[in-house]
Amino acid sequence: MGQNQSDASLHQRSREDLTRELAAKFKDRCFTSLEFYSFKDVFKTLADHQGSVLHLKEDTIARFLEIPDILGASPVVFQMVSYLGAFPFLQDAPAVLELPQMIMVIVLLTERCKRVLARGSVDRTKLIFKSLAVHDRKASEASSSSPPPAPTDLTTSRRAGGGFTVDVPGDDDALDDSVDDDDDLVLTAYELLDIREAVEQDEAPGYHGAIIPTDNFRKLVMLLLLAAPLDAQESLSQYSNRVAGEELDRLRATAECIVASFVNVETAPGIKYRQFQSTIPVLFPNMFSSFNALFEHFLFSRNLDFSKHKSDQIHTSTAAAAATRKAAQPLLSDKGDILNDHMLAQISFFLPGSSLFRRTRRLYSGNDAGFSLGSFESKVFNWRAPTILLVSGTRLGDVPSGGQETSFAQSLPPKRFPDGSKGHRVTYGVYIREPWKHTHKECFGDADTTVFQLEPVHDVFPASTVNTDYVAFTKPPSHQSCLAFGAPHPKPNQSSSHRRGAHYSLGTVCLLLDESFEFGIFNHDYASRGGAFRTSIARKHNFQDRFEIDQLEVWGCGGDEEAKAQAERWAWEEREAEARRKINLGTGDIEADRALLEMAGLVGGNRSGGSMA
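Residues numbered from 1 in each chain as written. Predicted model: local features only at pLDDT ≥ 70, side-chain atom pairs only at ≥ 80, totals over all residues. Heavy atoms only, no water.

Remarks on the overall build of the chain
Right, on to step 1. Within the chain, the regular secondary structure consists of 22 helices and 14 strands.
Right, on to step 2. Out of the 613 residues belonging to the chain, those deemed buried represent 49%.
Right, on to step 3. Restricting the contact set of the chain to residue pairs at least 6 apart, pairs at least 24 apart contribute 74%.
Right, on to step 4. Only carbon and sulfur atoms are counted for the fraction: they give 49% of the accessible area of the chain, which is about 29000 Å². (Helix = DSSP H or I, 4+ residues; strand = E, 2+ residues; numbered from the N terminus. Buried < 20%, exposed > 50% of the residue type's maximum accessible area, 1.4 Å probe, protein only. Contact = heavy atoms within 4.5 Å. Areas by Shrake-Rupley, 256 points an atom, 1.4 Å probe, with all protein chains shown as cover.)

Rendered as structure tokens:
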């Protein structure tokens, strides 16, 4: 009896009714009453009229979000939102972006989706791939083509079983059958609608044969890098200086390094789902966080100010608009030799942006303080918060040139792998949560320590739990002085048997800088196991980069308290050094001079202090 009533009720509800009902449930779970009130005001202000229908167009969305025209990302974004607006009836995409559809878009493109979807970010990754993918094989091969625009005729857009053009799949690698079944997110939507059986619908395009055109993805990545530091009430136009002149070239180069993680742009027309779903969680878990603030702009109306009367609304709106056009605060407190705004945004794709933007301070630069372990120690060891080390250099040739390069080559194991990528320059980095210290017997670091590469290919090597050879900082007279990440620490018994010319010990995944910070090596032995860091999921082969170091710098991640503590420590050390310099020796009274040296900590205990005669 109850089942018959449910079925009868189901047949009386059209897809439009179900969409509106689902949007209402999304609204109740994901928006506050004030946010929804503001959203309705924003939508009403922006919407175009076609008969009795209010909807948003591509240029309207691009203008409201302030997407720079020079990026060419507006058509890509509109393809995404017009696809997601059709949720859960994705076979009907592209959707007309009315109020219910835009509720779907905002929820699905922000972290709010975790409140309604079964597996949160996992489901969103699936949706984002489908929203960016094309299924027409001829269009897929033309990676530079723009995504097909949504039709402007509303009646045509609402056709049953519509959607983007689908061609017959080719001989692409087959995926697991499970990915073409009803996705968990769609089933979750049906549960919210109290639908016990799937609604009759035309078959929606699956993952098989679908690709994201490389050029489209590059444009989207540039937008995501630009929007990475954005707050919900900040204007994207504040970062207009990052899309002009040389900054635009740097932004494009950074995006190119990211795209290279997914696909070889010279040989492949686009990114397949298998590459996308395996790469995003490890290399770019925070990539789509840029959508949070960008699309939450719809929830803040500039026309509403509850502290003023309605007659003051126009003045308030004008003042708010002027406030959002002012320049944003610098993302970096200092100018870096390696790190810039775009690279910082790139790092935020796998490290929390809340500890990076406007919270990073340059602690050490080899060009300023000198390339040595001693100068490194004096600048970095007093920082009591996480740090990021960056090293950039020029790849060495297979045959060493010059005595120093030959000496470095002889200090490495004879086993040599091919280069990790094309290009002459490489940039590697390490994130270290623990404070720096000397490693006399064992390495330091924890499971959050992360080795990564930023150019010419973006890659991330998270810590493993197999062993804890995370960070080694060894100075003379230690055996094989160096700065190493992922390399076995020299054992005490090796020190006595050390001979000139002994090889450095390299780990499975290892970044090692020599004692003089002149040369470095990154080793990736994919065939081996048991290293302190995991092997690459993007490059499943052995490779090795040997390079001459051009720049080396360390940045502290933290706020004013960490900087104050470090400054106090530096001031204390300076006072101690000054006190030692002012000690008046040579008075002729040997016992008095020795007492002064003992007070200064220079003699006594195991210190002889030398001859006083």
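With respect to the packing of aromatic side chains
Right, on to step 1. By the definition in use, this model includes 32 aromatic pairs.
Right, on to step 2. Aromatic pair phenylalanine 36 and phenylalanine 39: ring centres 6.4 Å apart, planes at 40°, arrangement tilted. Here phenylalanine 36 pairs with phenylalanine 39, and both are found in helix H3 (residues 33–46), just three residues apart, close to one helical turn.
Right, on to step 3. Residue classification places phenylalanine 36 among the buried residues on the basis of a relative accessible area of 14%. (Phe/Tyr/Trp six-rings, centres within 6.5 Å; stacked < 30°, edge-to-face > 60°.)

Observations concerning the side chain of threonine 125
Right, on to step 1. Among the structural elements, threonine 125 can be located in helix H7 (residues 121–132).
Right, on to step 2. Looking at threonine 125, the relative accessible area reads 15%, which means it is buried.
Right, on to step 3. If near-sequence neighbours (up to four positions away) are discounted, threonine 125 is found in contact with Phe276 and Ile280.

So, the pattern of salt bridges
Right, on to step 1. Counted under the stated rule, the structure contains 26 salt bridges.
Right, on to step 2. For the salt bridge of aspartate 446 with arginine 433, the shortest nitrogen-to-oxygen distance reads 2.7 Å. Taken as a pair, aspartate 446 in the loop between strand S7 (425–432) and strand S8 (450–455) and arginine 433 in the loop between S7 and S8 lie far apart in primary sequence, 13 residues in all.
Right, on to step 3. Assessed through its relative accessible area of 11%, aspartate 446 is described here as buried.
Right, on to step 4. Classification of arginine 433 as partly exposed rests on a relative accessible area of 43%.
Right, on to step 5. Sharing partners across several salt bridges, the network here consists of Arg395, Asp398, Arg416, Asp419 and Asp545. (Salt bridge = Lys/Arg side-chain N within 4 Å of Asp/Glu carboxyl O.)

Examining the pairing of strand S6 (residues 387–395)
Right, on to step 1. Burial analysis of S6 places eight of its nine residues in the buried class, which makes it a mostly covered element.
Right, on to step 2. Here S6 runs beside S7; their pairing, made up of eight bridges, is antiparallel. Bridge pairing links threonine 387 to isoleucine 432 in S7.
Right, on to step 3. Taken together, the nine bridges between S6 and strand S14 (residues 543–557) define a ladder with antiparallel strand orientation. From the neighbouring strand, threonine 394 faces S14, where its bridge partner is glutamate 548. (Pairing = 2+ DSSP bridges.)

Brief notes about the side chain of aspartate 545
Right, on to step 1. Note that aspartate 545 resides in strand S14.
Right, on to step 2. Taking relative accessible area as the criterion, aspartate 545 reaches 0% and is therefore assigned buried.
Right, on to step 3. At a separation of 3.0 Å, a polar atom in the side chain of aspartate 545 contacts the main-chain amide nitrogen of glycine 420.
Right, on to step 4. Looking at aspartate 545, its side chain comes within polar contact range of the side chain of tyrosine 428, at 2.5 Å. (Polar contact = N/O pair within 3.5 Å; in protein donor to acceptor, adjacent residues only side chain to side chain.)

Quick notes on helix H5 (residues 74–84)
Right, on to step 1. The buried fraction of H5 is high, at 10 of 11 residues.
Right, on to step 2. Along H5, the positions that sit buried rather than exposed are Ser74, Val76, Val77, Phe78, Gln79, Met80, Val81, Ser82, Tyr83 and Leu84.

Section: the pairing of strand S12 (residues 509–514)
Right, on to step 1. Counting buried residues in S12 gives six out of six residues, a clear majority hidden from the surface.
Right, on to step 2. Residues of S12 alternate between two faces, with Val509, Leu511 and Leu513 on one and Cys510, Leu512 and Asp514 on the opposite face, all of them buried.
Right, on to step 3. Sheet analysis places strand S11 (residues 482–485) next to S12, joined by four bridges and oriented antiparallel. From the neighbouring strand, leucine 483 faces S12, where its bridge partner is leucine 513.
Right, on to step 4. Judged from the five bridges that link them, S12 and strand S13 (residues 519–524) form a sheet pairing that is antiparallel. Among the inter-strand pairings, leucine 512 is bridged to a residue of S13, identified as isoleucine 521.

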